[in-house]
Amino acid sequence: MTRPPPESSLPLLNLSAVPGVLGRIVTERAADYDGADPALGPARPAARRFEGALRGAGLSLIAEIKRASPSQGAIAPLDPVEAAQAYQQGGAAALSVLTEPRHFDGHPDFLRAVVGAVSLPALRKDFVVHPAMLREAADWGASAALLMVSVLREATAAYLEMAHHLGLDALVEVHSDSELDVALQAGARIIGVNNRDLTTLDIDLEVSPRLIRRAREAGFDGVLVAESGYRTPAELAQVRGLADAVLVGSSLAGSADLAQATRDLLRE
Ligand SMILES: O=P(O)(O)OC[C@@H](O)[C@@H](O)c1c[nH]c2ccccc12
């Protein structure tokens with residue numbers, strides 16, 4: 001069986017099967033990119049900076065620039081560059097920058113500005129439902145993009161291949177055993193386990209440790225990231241020695257002094 005080269009493929013997604021809040025958001029995002037050019041252009045070299053940053057000693061922090069969310073509404077009117085600099089000073093290893101405009105108050109300019117101003121590698125945090133979104137991420141200087149198995153399903157492997165074609169690392173996000181199986185099958189090198197169920201927005205901090213253990217037991221030797229809901233060093237302790245990295249947004253973004261909040265959170 002031959003597959004068309006990644007630069008010409010537009011994998012089919014069944015977004016009407018995605019439930020709840022998540023379903024609404026991805027349907028809007030697909031409409032935003034309806035008719036966009038799916039061409040990726042020539043292959044770009046892989047720097048693997050995002051992956052490299054997370055492989056550092058101990059539990060690495062991915063700090064998120066998140067001004068609003070469906071679960072909390074407005075969080076804080078962060079200046080993206082100031083926030084990125086504060087996170088870097090506080091000890092973050094990498095950044096996550098929301099570019100979704102309607103529910104997370106994100107913007108492409110935030111990502112471009114952050115990449116131009118700080119040295120940490122940055123993830124484009126968005127609901128990727130079209131190849132053009134990956135091409136944009138690479139053009140804007142992101143080191144990585146988020147790929148959600150709950151959205152991409154059987155197209156996960158194709159999107160992973162497209163991200164790698166563009167020289168991007170991919171954070172492949174899962175929330176259940178069956179989604180983890182898809183990520184492992186697809187050949188993900190970085191897997192994020194989201195404690196938040198994006199269809200109900202409920203948080204369960206037991207989800208990450210459980211699925212991270214399962215991934216390791218299955219022989220996965222890539223990078224594992226615990227995502228969402230972390231507010232205290234005690235909560236981070238639940239994934240120390242287990243996850244390579246943790247992704248934190250709201251609890252940092254909502255604090256008065258972002259650099260100090262970052263240092264406090266990382267205190268063992
Ligand atoms: O704000 P929190 O609870 O610290 O979570 C951060 C991050 O994990 C969360 O923003 C997130 C994880 N996966 C996502 C997918 C889309 C949008 C947002 C997310």
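Use the structure listed above.
All chains use their own residue numbering, which begins from 1 and follows the written sequence. Totals for whole chains, interfaces and linings use every residue, but because this is a predicted model, local features are given only for residues with pLDDT of at least 70 and side-chain atom pairs only at 80 or more, for both listing and counting. Side-chain metrics rest on all non-hydrogen atoms present in the structure, leaving aside hydrogens and water.

A. Summary view of the packing of helix H3 (residues 80-90) against helix H12 (residues 258-266). Every angle, taken between N-to-C directions, lies between 0 and 180 degrees, and every axis is a line fitted to C-alpha atoms, over only the stretch in contact when it is a helix. A helix here means a DSSP run of H or I that spans at least four residues, while a strand means a run of E at least two residues long, and both kinds are numbered starting from the N terminus. Where H3 contacts H12, the two axes come as close as 7 Å, and the packing angle between them is 35°. H3 and H12 meet at a crossing whose hand is right-handed. Contact with H3, carried on its side by Ala 83, Ala 86, Tyr 87, Gln 89 and Gly 90, involves Leu 258, Ala 259, Thr 262, Arg 263 and Leu 266 of H12 and no other residues of that element. When residues are grouped by polarity, Ala, Val, Leu, Ile, Met, Phe, Trp, Tyr, Cys and Pro land in nonpolar, Asp, Glu, Lys and Arg in charged, and all others, Gly among them, in polar. Each residue belonging to the contact of H3 with H12 can be placed in one class, and the counts come to six nonpolar, three polar and one charged. Helix crossings get a hand from a simple test, with the near helix turned counterclockwise from the far one by less than a right angle marking a left-handed crossing and a clockwise turn marking a right-handed one. Contacts are assigned to residue pairs that have any heavy atoms within 4.5 Å of one another.

B. Expanded view of the pattern of salt bridges. Each reported salt bridge corresponds to a side-chain nitrogen of Lys or Arg within 4 Å of a carboxyl oxygen of Asp or Glu. Overall, the coordinates contain 21 salt bridges when judged by the stated rule. Residue Lys 66 is joined to Glu 64 by a salt bridge in which the shortest nitrogen-to-oxygen separation is 4.0 Å. For the pair shown, Lys 66 and Glu 64 are each scored as buried. Arg 214 is the salt-bridge partner of Asp 181, the closest N and O atoms lying 2.6 Å from each other. With a gap of 33 residues between them, Asp 181 in helix H8 (residues 177-186) and Arg 214 in helix H9 (residues 207-217) connect regions that are remote in the sequence. Asp 181 gets classed as partly exposed once you look at its relative accessible area, which sits at 37%. Burial here depends on accessible area, computed with a 1.4 Å probe over protein chains only, as a share of the maximum for the residue type. Under 20% is buried, over 50% is exposed, and the range in between is partly exposed. For Arg 214, a relative accessible area of 25% corresponds to the partly exposed category. What you see here is one network of salt bridges that share partners, running through Glu 28, Arg 29, Asp 32, Arg 102, Arg 124, Asp 126 and Glu 136.

C. Geometry of the sheet that holds strand S8 (residues 190-194). Spatially, eight strands are ordered S1-S4-S5-S6-S7-S8-S9-S10 in a closed barrel, and the strand pairing comes out parallel. Geometrically, the sheet is characterised by an average inter-axis angle of 25° between neighbouring strands, direction not taken into account. Judged from the four bridges that link them, strand S4 (residues 94-98) and strand S5 (residues 122-125) form a sheet pairing that is parallel. Residue Leu 98 lies in a different strand from S5, and its bridge partner there is Lys 125. Across the sheet, H8 is in contact with strand S7 (169-174) and S8; its angle to S7 comes to roughly 155°. Strand pairing is assigned whenever DSSP detects at least two bridges linking the two strands.

On their own, these measurements won't tell you what the molecule is for.
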